[in-house]
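Understanding the architecture of this molecule
Below are the chains, spelled out letter by letter.
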Amino acid sequence: MPPFVEKQPIQTEDPFEKLVAPQAGPWKYEFVYPSVIGTTYIHLAAIYGLYLAVTAAQWYTLVFTAFTAVAAGIGVTAGAHRLWSHRSYKAKPPLHFLLMIMQSITFQYSAITWAKMHRTHHRYSDTDADPHNAARGFFYSHIGWMLMKSHPEFRKRVKLTDLSDLYSNRILMLQHKYTTLFCVTFCLLLPTVIPMYFWGESLNVAWHVTMLRYIYILHGTFLVNSVAHMFGSGTYDKSIKPTQNVFVSLILFGEGFHNYHHVFPWDYRTAELGNNWLNPTKLFIDFFAWVGWAYDLKTVPDDIISARANRTGDGTNSWGFNTKSS
Ligand SMILES: [Zn+2]
Ligand SMILES: [Zn+2]
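Please read these numbers as outputs of a predicted model, since none were measured by experiment. (Residues numbered from 1 in each chain as written. Chains lettered and ligands numbered in written order. Predicted model: local features only at pLDDT ≥ 70, side-chain atom pairs only at ≥ 80, totals over all residues.)

What about the environment of isoleucine 251?
Within the secondary structure layout, isoleucine 251 lies in helix H11 (residues 246–251). For isoleucine 251, a count of 19 C-beta atoms within 10 Å puts it in the partly exposed group. Put simply, isoleucine 251 and valine 224 are 27 residues apart on the chain and 9.7 Å apart in space, counted from C-alpha to C-alpha. Ignoring anything within four residues of it in the chain, the contact list for isoleucine 251 reads Gly220 and Leu223. (Helix = DSSP H or I, 4+ residues; strand = E, 2+ residues; numbered from the N terminus. Buried ≥ 20, exposed ≤ 12 C-beta atoms within 10 Å, placed from the backbone. Contact = placed C-beta atoms within 7 Å.)

Next up, the structure:
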């Protein structure tokens, strides 16, 4: 079977009424106040962290924080997204373990919960069963969905999302069982303690710069759900909301080619012809394929991509490939 027809993770048949995107029915928002208070705190702490990064932090701390930001970002893009949500490549246990630790730095749920939300997002994109339904507008799809009770349509249909492949992964199950321990240790504790212990950074700076990194990766991830579902071109399918957005790709390591990604979600590049210089996540996976820890990397043949752009795209062509050649 050629790689481009490889199926996504098996889903239980949906017995409910079909939802046609974009769709957002009347619904009363119910804020979850501990989330609102916690999110407000980390934003204020991150703003102070930015001030301290510019005025007081040691160079070692800034370099170390940038390193943890890249590790966290790749943990989401290469791990939670491309490996575990979409199975767009396979990995040997050491890479699963490394990515699990890197994903813990983000403090974005366990990888299994992340993949559950994301598989549901792809299945019901831009409808009430999508956890961050972009049809509800920018604020809801960006961060609002984190601050309130989820939509009943999502709660009903998320149960249909098959996670059996992830439940049989012992490394992910370990993280899932001890999510708080892993996230507190790798997102908060070690990134604060390491600069203090090894080069004498103050607790005040180390903690608030950690908050800054936490917020950067959080918003980088959120941009894919909001901006890349609203602003940009529909090069591959103009009938769906996800877009090609170079800005989001720059912020989150190559994840902004989102119109392409929703059309061909099993492509490990999550990007199409000729733009991989903006795609550090692809380079990371390619590196580990060279090491031998990543294998069975799935892609889509160029002629299939061009044919799809010709058939259902909006005629935009960001990268100079010839859509008329097939
Ligand atoms: Zn999406
Ligand atoms: Zn995806």
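What to know about the nonpolar core
Ala72, Trp84, Ala111, Leu223 and Ile285 are the most contacted members of the largest nonpolar core, which has 52 residues in total. Broken down by secondary-structure element, the contributors of at least two residues to this core are helix H1 (33–55), helix H2 (59–85), helix H3 (93–104), helix H4 (111–123), helix H9 (179–199), helix H10 (203–225) and helix H13 (280–291). Per-element tally for this core: the top contributor is H10, with 13 residues. With near-sequence residues (within four places) excluded, alanine 111 lies in contact with Gly79, Ala80, Trp84, Met100, Gln103, Leu172 and Gln175. Phe257, Trp266, Val300 and Ala309 belong to the second-largest nonpolar core, a separate cluster that totals ten residues. (Core = buried A, V, L, I, M, F, W, Y, C linked by C-beta atoms within 7 Å.)

Notes on the confidence of the model for the protein
This prediction gives the protein a mean pLDDT of 92; 93% of its residues lie at or above 70. In the predicted structure, residues 1–6 sits below a pLDDT of 50 and forms eight contacts with residues beyond four places in sequence or in another chain. (pLDDT = per-residue confidence, 0-100.)

Describing the environment of leucine 188
Mapped onto the fold, leucine 188 is located in helix H9. Given 16 C-beta atoms within a 10 Å radius, leucine 188 is considered partly exposed. As for leucine 188 and tryptophan 207, which are separated by 19 residues in sequence, their C-alpha atoms are 7.7 Å apart.

Here we look at helix H14 (residues 302–312)
Three or more residues of H14 are buried, namely Ile305, Ser306, Arg308 and Ala309. Buried residues in H14, looked at end-on, bunch into an arc of 160°, giving them a common side. Along H14, the residues that are exposed and aim more than 90 degrees away from the buried face are Asp303 and Arg311. (Arc of directions from axis to C-beta.)

Describing unusual backbone geometry
Of note, the amide linkage connecting alanine 21 to proline 22 takes the cis form, showing an omega dihedral of -10°. Locating proline 22 in the fold gives a position in the segment before H1. Phi is positive for arginine 87, close to 50°, though the residue is something other than glycine. Here arginine 87 is to be found in the loop between H2 and strand E1 (90–91). Given 21 C-beta atoms within a 10 Å radius, arginine 87 is considered buried.

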